[in-house]
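# Tertiary structure, described
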Amino acid sequence: MQERDNEVVIVGGGAGGAELAVRLARAGCALRLIDQAATHVWKPRLHELAAGAARGELGEIAYRDLAEQWGFVFEQAGLVDIDPAAKQVTLDNDSRRGYRALVLAVGGVTPDLGVTGVREHAVMLDRSPDADALYRRFTDALDRAAAAEPARAARVVIVGTGLTGVELAGYLASHRHVVAKPDGDQPQTLAIHLVEASDTFMPGIEDAPSRRGARTRLADLGVSIHTGCAVAEVGADHVTSENGERFDADVTVWAAGRIGSPLAARIDALAANDRQQWLVRDTLQSRDHDDIFALGDCSACPESDWPATAQVASQQAEHLAEQVMAYLDGGSPSAFVFRDKGLLMSFGDGGDLGLVRGPLGDDLRIHGQVSHAAYRGLERQHQWVLLGTRTTLEGVAGDVFAALRRR
Ligand SMILES: Cc1cc2nc3c(=O)[nH]c(=O)nc-3n(C[C@H](O)[C@H](O)[C@H](O)COP(=O)(O)OP(=O)(O)OC[C@H]3O[C@@H](n4cnc5c(N)ncnc54)[C@H](O)[C@@H]3O)c2cc1C
């Protein structure tokens, strides 16, 4: 195999970037993975961390271990700027790193939509420290509510009925007994309000039966759902809507959609859209430079409306693993085609449900243990790419024992 020296720099080791790093390293490519965090977490389970799941349960992986296992370089640093002419990135540790091909995979953030008080008073669930902060505020709210005279319910307001908002509502509603103090005098109770600006619950999900199923599960868990309720202001202890409704809140979670990275708005060298996403061609190459690629939530191809999901990021990583190597060898990258494999949702004690898309339109609706297994399967697939077969099988065995213990 030809020795390649620091040819590829990947910035961002999330759902897409970490998989790409491992795939490229396994193919013999010398690469540097740069991430601002020391550890990798599978983001689609962040809401479980926020609701009290232990970090170990979430299969957090240290980037340095991953780099050692597969033979690439990891650097913990934040991207600050890109100089395409010099083929260099500038990092927040004052270093500059050269590249032959650069892949941007820095993910996205939740937009505040210009609503007053969001930045000051609400929690967003973008990174694992956010999940830790939310868990602290949630348990603190439960404790304060139980200590109040007379005892009252802890009040959580979640704004937005995308996957983040609905799954978080399900897990917070399910996990309250886990976080409740066992020696507390008063039973701790919880009131969760899920607030949506659109008249449609989960407006981003096309499949109406999935929306109905999610709504029923949340209602069964006691979550109150308010649609057609655009938030006008978030205060320290309340949320008010444009139509004058007021919700008292010990904790407010802002989960009103996803945009790309603030970096896309700051870095002049590359074209971006007004959602802070770098514009790419269908080959995932930047509109401006053939040697810069972008994948996942931080990118957008106007001709192909790929959703901001882990499923897309992972498929793009698999595609780019071949195409970046082809590019380095002087070939032309081919177009990425997204294969929609469906939708899986988990609501903790409220159960799981999903829609598995067949190749010929033969869709399959699943729920219960089957759906739960498929939901975990998504993560296991990710772990299988990152850690290999043995570690993944050990994880699967752990899942099976945990399921048997629950029966
Ligand atoms: C709570 C929650 C639930 C979700 N549920 C689902 C689901 O059920 N199904 C699904 O398909 N998707 C789900 N998603 C969306 C999914 O997680 C994202 O679409 C996916 O993670 C995007 O992958 P990515 O590789 O583009 O970026 P990310 O996975 O976000 O990774 C970005 C990486 O870039 C790093 N980074 C950011 N900025 C910098 C910088 N300046 N310098 C260096 N590094 C940087 C970050 O530390 C991170 O490691 C959910 C998301 C959340 C938050």
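Below or above, wherever it landed, is the structure these notes cover. Keep in mind the model is a prediction, meaning the values are calculated, not measured.

## Quick look at the site of the ligand
Taken together, 34 residues lie near the ligand, and Gly-12, Gly-14, Gly-16, Gly-107 and Gly-296 sit nearest. Put simply, the parts of the chain that give the shell around the ligand at least two residues each are strand 2 (31-35), helix 2 (46-50), helix 6 (163-179) and helix 9 (310-328). Grouping the amino acids of the shell around the ligand by side-chain chemistry returns 16 nonpolar, 14 polar and four charged. Here the shell around the ligand gathers at least three residues from each of two domains, domain 1 (8-109 + 259-328) and domain 2 (118-254).

## Digging into helix 7 (residues 208-220)
An α-helical segment advances 3.6 residues per turn. Residues three or four places apart therefore align on the same side. Across its 13 residues, helix 7 extends 18 Å between first and last C-alpha, which sits within 8% of the 18 Å expected from 1.5 Å per residue. Turning to helix 7, its buried residues are Gly-213, Ala-214, Arg-217 and Leu-218. The buried residues of helix 7 all sit within an arc of 130° when viewed along its axis, so they share a single face. When the buried face of helix 7 is taken as reference, the exposed residues oriented beyond 90 degrees from it are Ala-208, Pro-209 and Ala-219. Gly-222 sits one or two positions beyond helix 7 and adopts a positive phi of about 90°.

## Looking at the pairing of strand 16 (residues 251-254)
Neither face of strand 16 is open: one carries Val-251 and Val-253, the other Thr-252 and Trp-254, and all of them are buried. Note: strand 10 (residues 154-159) against strand 16, four bridges, orientation parallel. When the bridges of strand 16 are listed, Val-159 appears paired with Trp-254.

## Let's talk about the nonpolar core
One finds Val-8, Ile-10, Ala-21, Leu-31, Val-103, Leu-104 and Val-324 to be the most contacted residues of the largest nonpolar core, which totals 55 residues. No other element matches helix 9, which puts nine residues into this core. Viewed by domain, this core spans two of them, domain 1 (8-109 + 259-328) and domain 3 (342-406), each represented by three or more residues. Setting aside chain neighbours within four positions, we find Leu-31 in contact with Glu-7, Val-8, Val-9, Ile-10, Ala-21, Leu-24, Ala-25 and Phe-72.

## A look at the packing of helix 1 (residues 17-26) against helix 9
Their axes nearest at 8 Å, the elements helix 1 and helix 9 cross at an angle of 30°. Considering the angle they form, helix 1 stands roughly parallel to helix 9. Along this stretch, helix 1 crosses helix 9, giving a crossing that reads as right-handed. Each of Glu-19, Leu-20, Arg-23 and Leu-24 in helix 1 lies in contact with helix 9, whose residues at this interface are Ser-314, Ala-317, Glu-318, Leu-320, Ala-321 and Val-324. Looking at the contact of helix 1 with helix 9, its residues break down into six nonpolar, one polar and three charged.

## Observations concerning the sheet that holds strand 9 (residues 101-104)
Taken in spatial order, the five strands make up an open sheet running 5-2-1-9-18, and their pairing is parallel. The open sheet has two edge strands with one neighbour each: strand 5 (73-76) and strand 18 (292-294). Neighbour to neighbour, the strand axes of the sheet diverge by 20° on average, direction disregarded. Packing of helix 1 onto the sheet brings it into contact with strand 1 (8-11), strand 2 and strand 9, and relative to strand 2 it is tilted by some 165°. Its contacts with the sheet put helix 9 on strand 1, strand 9 and strand 18, and the angle it makes with strand 9 is roughly 155°.

Parameters at a glance
Residues numbered from 1 in each chain as written. Predicted model: local features only at pLDDT ≥ 70, side-chain atom pairs only at ≥ 80, totals over all residues. Near = placed C-beta within 6 Å. Helix = DSSP H or I, 4+ residues; strand = E, 2+ residues; numbered from the N terminus. Nonpolar A, V, L, I, M, F, W, Y, C, P; charged D, E, K, R; others polar. Domains from an automatic or database assignment. Expected span 1.5 Å × (residues − 1). Buried ≥ 20, exposed ≤ 12 C-beta atoms within 10 Å, placed from the backbone. Arc of directions from axis to C-beta. Pairing = 2+ DSSP bridges. Core = buried A, V, L, I, M, F, W, Y, C linked by C-beta atoms within 7 Å. Contact = placed C-beta atoms within 7 Å. Axes fitted to C-alpha atoms, helices over the stretch in contact; angles between N-to-C directions. Parallel < 35°, antiparallel > 145°, perpendicular 65-115°, else oblique. Left-handed = near helix turned anticlockwise from the far one by under 90°.

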